[in-house]
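# Structure assessment
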Amino acid sequence: DIDECSYSSYLCQYQCVNEPGRFSCICPDGYQLLGTRLCQDINECETGTDTCTDQQNCINAHGGYRCVEKNLCIEPYMQMSDNRCMCPSSNPLCRDEPGSIVHRHMSITSDRSVPSDIFQIQATSMYPGAYNTFQIRSGNEQGDFYIRQINNISAMLVLARPVKGPQEYVLDLEMLTSNTLLSYRSSSVLRLTIFVGAHPF
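Throughout what follows, the structure given in this document is the object of discussion. (Residues numbered from 1 in each chain as written. Predicted model: local features only at pLDDT ≥ 70, side-chain atom pairs only at ≥ 80, totals over all residues. Heavy atoms only, no water.)

A word on the packing of aromatic side chains. Scanning the entire structure with this criterion turns up three aromatic pairs. Aromatic pair tyrosine 14 and phenylalanine 201: ring centres 6.2 Å apart, planes at 75°, arrangement edge-to-face. Note that tyrosine 14 is positioned in the segment before strand S1 (15–19) and phenylalanine 201 in the segment after strand S15 (184–196), a separation of 187 residues in sequence. Centroid distance tyrosine 31 to phenylalanine 201: 5.0 Å. Interplanar angle 75°. Geometry classified as edge-to-face. Of this pair, tyrosine 31 sits in strand S3 (residues 31–34) while phenylalanine 201 is found in the segment after S15, placing the two residues 170 residues apart along the sequence. Among the aromatic residues, those joined into a ring-pair cluster are Tyr14, Tyr31 and Phe201. (Phe/Tyr/Trp six-rings, centres within 6.5 Å; stacked < 30°, edge-to-face > 60°. Helix = DSSP H or I, 4+ residues; strand = E, 2+ residues; numbered from the N terminus.)

Encoded structure:
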């Protein structure tokens, strides 16, 4: 028997298993073999193998899934839709808070080549004379990400350094809107949860 696995690390995307007269490839938990050597993520949310309750949404991630509460709004915010929370301007507690928080979730693989565009933010409504700036309000203490503004209504979140999983980031991406003529300022936040998979596939 020739141990093909010892000859090359490229035979299998994840792990090579030597067998009498041949070899086979295996994949880590949460993945299935695609063809003979590649590993493909299993979408547990679609296959129905998740354990999320009726009060939770199933979010697929590389190599697994997460159960996320359907209502993510915390006082004084009120739930407007599945992923949108509003802070009513009539409430004095909302004076220094972002007017709205929209929740989004995504998954990326480990060791992505960088810099890498991973998420685009877009203003949903545009007011005449309004000027928008985008920034990472919180969650980027290690400096793994930065924002590249594309134009007045959109910006790109960029992965600046290779990250290893499994780990999770919660980034508050803020859009500040100002109109100097009306001395008007407002802020809205997109709270992006990023699940980093354990593998580069």
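That shown, we press on.
The next subject is the side chain of aspartate 144. Relative to the elements of secondary structure, aspartate 144 occurs in the loop between strand S11 (131–138) and strand S12 (145–149). Among the polar contacts made by the side chain of aspartate 144, one reaches the side chain of arginine 161 at a distance of 2.9 Å. Of note is the side chain of aspartate 144, whose polar atom sits 2.6 Å from the side chain of tyrosine 169. Beyond its immediate stretch of four places on either side in the chain, aspartate 144 contacts Val158, Leu159, Ala160, Arg161, Val163 and Tyr169. (Polar contact = N/O pair within 3.5 Å; in protein donor to acceptor, adjacent residues only side chain to side chain. Contact = heavy atoms within 4.5 Å.)

Time to look at the layout of surface pockets. Of the pockets and cavities examined, the largest pocket occupies roughly 600 Å³. Lining the largest pocket are 28 residues; nearest its centre among them are Arg84, Ser100, Thr124, Met175 and Ser188. With six residues, the top contributor of residues to the lining of the largest pocket is S15. Volume-wise, the second largest pocket comes out at about 290 Å³. Along its surface, the second largest pocket is lined by 15 residues, and Cys94, Arg95, Glu97, Gly99 and Arg185 are the ones closest to its centre. At three residues, the largest contribution of residues to the lining of the second largest pocket is made by S15. (1 Å grid on protein atoms, 1.4 Å probe; cavity = no way out; pocket = protein on both sides within 12 Å on 5 of 7 lines; lining within 4 Å. Points joined across faces, edges and corners; volume = space filled by probe spheres on them.)

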